[in-house]
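If you want the building blocks of each chain, they are given just below.
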Amino acid sequence: MTVIAGCAASGVAEQPVKTAQAPSPSAALAGKLRAVLLPVPKGMRVVHGPEVGAFGTLKSTQQGLAAVRQSKLNRPECAGAPQLDPARPEIARAPAAVIAFANERGSISQAVVALPPAAFPGPLPVGCGTYTADVHGTEVTYRTQDLDMPRQGDESRAYLTTASGGDRNAQIGSVVIRRGTVVMSLMVVGKEVKRAGLLELGRLADQNLSRVAT
């Protein structure tokens, strides 16, 4: 905040006085969330972030929403079902920190978001084990399976999705973990995503999460 005083008796205006402004609670929380993001995995590089702010306003979130809008799904409710849904107002405005890594074999993206327990993603909706999407004229089939994983935090889920069709053959591994009022969402994309590697990343992310969860 900047305070500008009026003219002094001498007729010379005083210099603006800048007073320190404490960060807002949400800004302070976003900073804490950023501190628990995963470090750069061996052999990968940062391709986005760290970015902090309201989850729905972040560049990575907007890009994800744009990608969904470009696809025509036969079951729209299945898009991103295992992940945090930024279309929900309470999730869109929540303080968050995100980061993404990549190499020639694939990518890892992570979001850490301050949310009430009720906002934690539920189980995969009925009928979303298999669904299709028209992506720029190419039909892509998505098959998702629920992965057994040791419970982490207060709640946790893990999924593996195989996408096939055209040149879009890939696997997407996802993990979501809640500790208190903080949710961590992790997505791994590659030609092949190994269950053991996905769950180990989730374990490491949960270790960091335990430092900030309330």
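Analysis parameters
Residues numbered from 1 in each chain as written. Predicted model: local features only at pLDDT ≥ 70, side-chain atom pairs only at ≥ 80, totals over all residues. Heavy atoms only, no water. Helix = DSSP H or I, 4+ residues; strand = E, 2+ residues; numbered from the N terminus. Buried < 20%, exposed > 50% of the residue type's maximum accessible area, 1.4 Å probe, protein only. Contact = heavy atoms within 4.5 Å. Areas by Shrake-Rupley, 256 points an atom, 1.4 Å probe, with all protein chains shown as cover. Core = buried A, V, L, I, M, F, W, Y, C linked by side-chain atoms within 4.5 Å. 1 Å grid on protein atoms, 1.4 Å probe; cavity = no way out; pocket = protein on both sides within 12 Å on 5 of 7 lines; lining within 4 Å. Points joined across faces, edges and corners; volume = space filled by probe spheres on them. Nonpolar A, V, L, I, M, F, W, Y, C, P; charged D, E, K, R; others polar. Phe/Tyr/Trp six-rings, centres within 6.5 Å; stacked < 30°, edge-to-face > 60°. pLDDT = per-residue confidence, 0-100.

On to the overall build of the protein chain, then. A tally of helices and strands in the protein chain yields 4 helices and 11 strands. Counting all 214 residues of the protein chain, 41% fall into the buried class. Of the contacts made within the protein chain by residues no fewer than 6 positions apart, 61% connect residues no fewer than 24 positions apart. Total accessible area computed for the protein chain in this model is approximately 11800 Å², and 54% of it derives from carbon and sulfur atoms.

If you look at the biggest cluster of nonpolar residues, it comprises 28 residues, and the most contacted ones within it are L33, I108, V112, V175, M184, L186 and L209. For this core, the elements supplying multiple residues, two or more each, are β5 (95-103), β6 (106-114), β9 (155-164), β10 (170-179), β11 (182-190) and α4 (195-209). Take this core: its biggest share by element is 5 residues, from α4. Those residues in contact with V175 that sit more than four places away from it in its chain are M149, R157, A158, M184, S185, L186, L198 and G202. Grouped together as the second largest cluster of nonpolar side chains are 14 residues, I91, A111, F120 and V176 included.

A word on the layout of surface pockets. Looking at the second largest pocket, its volume works out to about 410 Å³. N103, R105, I108, V188 and E192 are the residues nearest the centre of the second largest pocket, which is lined by 18 residues in total. Every element with two or more residues in the lining of the second largest pocket is listed here: β6, β11 and α4. Class assignment for the residues of the lining of the second largest pocket results in 8 nonpolar, 5 polar and 5 charged.

For the structure shown, the criterion picks out 1 aromatic pair. Ring geometry for Y131 against Y142: centres 5.1 Å apart, planes inclined by 15 degrees, an arrangement best described as stacked. Separated by 11 residues along the polypeptide, Y131 in strand β7 (residues 130-135) and Y142 in strand β8 (residues 138-146) bring together distant segments of the chain. Per residue, the accessibility class of Y131 equals that of Y142, and both read buried.

Turning our attention to the confidence of the model for the protein chain. With 84% of its residues at a pLDDT of 70 or more, the protein chain has an overall mean of 82. A low-confidence stretch, residues 1-23 stays under pLDDT 50, and its non-local contacts, those more than four residues away or across chains, total 15 contacts.

This part takes up the environment of K194. For K194, the position within the fold is in the loop between β11 and α4. Residues K194 and I172, spaced 22 residues apart in sequence, show a C-alpha to C-alpha distance of 10.0 Å.

A separate point is the environment of A158. Mapped onto the fold, A158 is located in strand β9. Owing to a relative accessible area of 0%, A158 belongs among the buried residues under this scheme. When the C-alpha atoms of A158 and S185 are compared, they prove to be 9.9 Å apart, with 27 residues separating the residues in sequence. Setting aside residues no more than four positions away along its own chain, A158 makes contact with Q145, D146, L147, M149, S174, V175 and L199.

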